[in-house]
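Each chain, letter by letter, is given below.
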2 protein chains.
Amino acid sequence: MSSDEPRRRGAGRPVKRVLSQARIVAAALEVIQAGGYGALTMSALARRLEVAPSALYNHVESKQEVLRWLQDFVMSSVDTSCFADLPWDQALRAWARSYRDVFARHTPLIPVIAVLQVSGAPRTLAMYEAVTQGLQRAGWPTPQIVPAIVALESFIYGSAYDAVAPQDIFDTGALAADSPRFTAAVELQTGRADGRAADAAFEAGLSALVTGLAGGAGLPLESGPA
Amino acid sequence: MSSDEPRRRGAGRPVKRVLSQARIVAAALEVIQAGGYGALTMSALARRLEVAPSALYNHVESKQEVLRWLQDFVMSSVDTSCFADLPWDQALRAWARSYRDVFARHTPLIPVIAVLQVSGAPRTLAMYEAVTQGLQRAGWPTPQIVPAIVALESFIYGSAYDAVAPQDIFDTGALAADSPRFTAAVELQTGRADGRAADAAFEAGLSALVTGLAGGAGLPLESGPA
DNA sequence: ACCTGAACACCGTTCAAGT
DNA sequence: ACCTGAACACCGTTCAAGT
């Protein structure tokens, strides 16, 4: 993640800069870290790499490709080690929480994933492989695994958006009189002092999905309902 | 949806054009219809309204506001009549399917919803009110309703992306050897001649969520598992 | 009150010219 | 093989000047 380049041993001049995929992704993450996704422009990226914007195009097809690389890199920080440590249903929950938390910090990548070919995303693929292995080891029938992953992912992406939404989204304001039932239901929610409403909805949905998908796969839960 | 304006009765000259929210939304939908969301620029919108781009800013704060208006308009085509006709669990499924199908055609609006204040979105609010009423009438405890809606919505938004993703997203290609288990699981899926894999995952997840959320709310299903 | 045309400060991307 | 600088074809938005 450092932006200075070491000199090659014994060489009299600086090593030629090679804009590898790894360096470009690292620079992109620094730009995002400093200014958010709005700050991630090809110019800003080039500046961080101390290069002219046009030079980037010798190493990258398009900004979209940078986003695809970012997506795959970010995916590698989703935790799959839980499948080695925990009963499968707890592991699935832990994986889903980690997955949501990671992409809540990278929501602009979510539309990228939706179109991303896994054949170009080795880390993403490694994650799928780990989850598949975890579920197979737990006795899940293979034909149910992909639909289960897809359903969980859909829920996770939507929940990642929800996690970063303003808390007062459901304030009905001047329209409260037109939606008395919903307004009352929302007020019950905002009264909760514990944690955020988004987290409660995520946990409720996650439990429902894990239980329901396992039931559809003909499996009892290993550690009972949460 | 027509773009020509009637003359006011008895008036000697054309009615002054008023760029109402309704006309702007209609024009935006025409632009999207013709060229997709990539074609929706302020210039294109102005052209469709036969006005200079700068004129739009007398009626709209920003392009983001246009998107918010669009979002609310599009939301009104989500079906909630099912709550009047069907047992609540079937109604919830029918609503969710309609919701997903609508936003699969409008995925660029999904990030807009995530930040949209319902107080400025009357049709969206009306939808929430209808769902709330439907669930209350079925005996759902009020405190469970908002989390259930949020969880279902998260799943629906993610599934909308999934519904428009290329079918071969999971082709592992040259990386197949690195992910043998997942590759095999995906092949079982693509072998299915019936419908699209995204639909199977959506239905599996939807059943799991409806069943699980109802269970969490202490309710049995009205019409048995699907 | 609402329009136009010019201008501004950006974008991503291309390409000839260099080394 | 890879860089630079200039240029291109856009964006969304602002604003003085009009009616």
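Residues numbered from 1 in each chain as written. Chains lettered and ligands numbered in written order. Predicted model: local features only at pLDDT ≥ 70, side-chain atom pairs only at ≥ 80, totals over all residues. Heavy atoms only, no water.

### Some details on the protein's contact with DNA strand C
Neighbouring residues of DNA strand C: 14 residues in total, closest Y57(A), K63(A), A52(B), S54(B) and H59(B). Near-protein atoms of DNA strand C (within 4 Å) split between backbone and bases, with sugar and phosphate holding 56%. Within the backbone of M42(A), a nitrogen or oxygen atom sits 3.0 Å from a phosphate oxygen of DNA strand C. (Near = heavy atom within 4 Å. Polar contact = N/O pair within 3.5 Å; in protein donor to acceptor, adjacent residues only side chain to side chain.)

### Topic: the pattern of salt bridges
Side-chain pairing between opposite charges can occur once the charged atoms of the two side chains come close. Residue and element names in this part refer to chain B. Tallied over the entire structure, the rule returns 12 salt bridges over all chains. Across the salt bridge formed by R97 and E203, the nearest N and O atoms sit 2.7 Å from each other. Residue R97 is found in helix 6 (residues 88-104), and its partner E203 is found in helix 11 (residues 197-216); the two are separated by 106 residues along the sequence. Given the relative accessible area of 28%, E203 is considered partly exposed. (Salt bridge = Lys/Arg side-chain N within 4 Å of Asp/Glu carboxyl O. Helix = DSSP H or I, 4+ residues; strand = E, 2+ residues; numbered from the N terminus. Buried < 20%, exposed > 50% of the residue type's maximum accessible area, 1.4 Å probe, protein only.)

### Notes on helix 4 (residues 63-75) of chain A
All names here are of chain A. In this model, helix 4 (13 residues) spans 18 Å end to end at C-alpha, consistent with the 18 Å of a helix rising 1.5 Å per residue. Inspection of helix 4 places E65, V66, L67, W69, L70, Q71, D72, V74 and M75 among the buried residues, and these make up the whole buried set. Contact partners of the buried residues in helix 4: helix 1 (21-35), helix 2 (42-48), helix 6 (88-104), helix 7 (110-113), helix 8 (122-137) and helix 9 (142-163). (Expected span 1.5 Å × (residues − 1). Contact = heavy atoms within 4.5 Å.)

### Focus on the interface of chain A and chain B
Between chain A and chain B, the contact holds 55 residues from the first and 55 residues from the second. Taken as a group, E129(A), R181(A) and F182(A) account for 13% of the area that chain A buries against chain B, more than any other trio of residues on that side. Applying the counting criterion to the chain A and chain B interface returns two salt bridges. Remark: the boundary between chain A and chain B carries nine residue pairs in polar contact (both at pLDDT 80 or more). Among the elements of the structure, helix 7, helix 8, helix 9, helix 10 (180-190) and helix 11 (197-216) of chain A are those that each provide at least two residues to the side of chain A that touches chain B. The greatest single-element share of the side of chain A that touches chain B, amounting to 14 residues, is contributed by helix 9 of chain A. Split into classes, the residues belonging to the side of chain A that touches chain B amount to 33 nonpolar, 15 polar and seven charged. (Buried area = accessible area lost by both parts, 1.4 Å probe. Nonpolar A, V, L, I, M, F, W, Y, C, P; charged D, E, K, R; others polar.)

### As for the protein's contact with DNA strand D
Close to DNA strand D lie 14 residues, the nearest being A52(A), S54(A), H59(A), Y57(B) and K63(B). Near the protein, within 4 Å, the atoms of DNA strand D are sugar or phosphate in 57% of cases. In the environment of DNA strand D, a phosphate oxygen lies 2.7 Å from a nitrogen or oxygen atom belonging to the backbone of A52(A). A class-by-class count of the residues in the surface near DNA strand D yields seven nonpolar, six polar and one charged.

### Overview of the packing of helix 9 of chain A against helix 9 (residues 142-163) of chain B
At a minimum axis separation of 7 Å, helix 9 of chain A and helix 9 of chain B run at an interaxial angle of 115 degrees. Considering their axes alone, helix 9 of chain A and helix 9 of chain B lie roughly perpendicular with respect to each other. Between helix 9 of chain A and helix 9 of chain B lies a crossing of right-handed hand. Between helix 9 of chain A and helix 9 of chain B, the contacting residues are V150(A), A151(A), S154(A), F155(A), G158(A), S159(A), Y161(A) and D162(A) on the first element and V150(B), A151(B), S154(B), F155(B), G158(B), S159(B), Y161(B) and D162(B) on the second. (Axes fitted to C-alpha atoms, helices over the stretch in contact; angles between N-to-C directions. Parallel < 35°, antiparallel > 145°, perpendicular 65-115°, else oblique. Left-handed = near helix turned anticlockwise from the far one by under 90°.)

### Some remarks on the UniProt feature "DNA-binding region" (unreviewed entry) in chain A
UniProt records the feature "DNA-binding region" (unreviewed entry) for residues 41-60 of chain A in the present numbering. Span residues 41-60 of chain A is 55% helix and 0% strand, its end C-alpha atoms 13 Å apart. (UniProt positions renumbered as here; feature names shortened; annotations may be inferred.)

### Details of the packing of aromatic side chains
A full pass over the atoms with the stated rule returns 19 aromatic pairs over all chains. Summarising the aromatic geometry, the rings of F170(A) and F182(A) are spaced 5.4 Å apart at their centres and angled 80 degrees between planes, so their arrangement reads as edge-to-face. Here the residue F170(A) occupies a position in the loop between helix 9 and helix 10, and F182(A) occupies one in helix 10, the gap between them amounting to 12 residues. Considering the side-chain rings of Y99(B) and F103(B), the 5.6 Å spacing of their centres and the 55 degrees angle between planes classify their relative orientation as tilted. With a gap of four residues between them, Y99(B) and F103(B) both fall in helix 6, about one helical turn apart. Here Y99(B) matches F103(B) in class, with each residue buried. Taken together, the ring pairs connect W95(A), Y99(A), F103(A) and Y157(A) into an aromatic cluster. Positioned over the ring face of F202(A) is R100(A), at 4.3 Å from the centre of the ring. (Phe/Tyr/Trp six-rings, centres within 6.5 Å; stacked < 30°, edge-to-face > 60°. Lys NZ or Arg CZ within 6 Å of the ring centre and 35° of its normal.)

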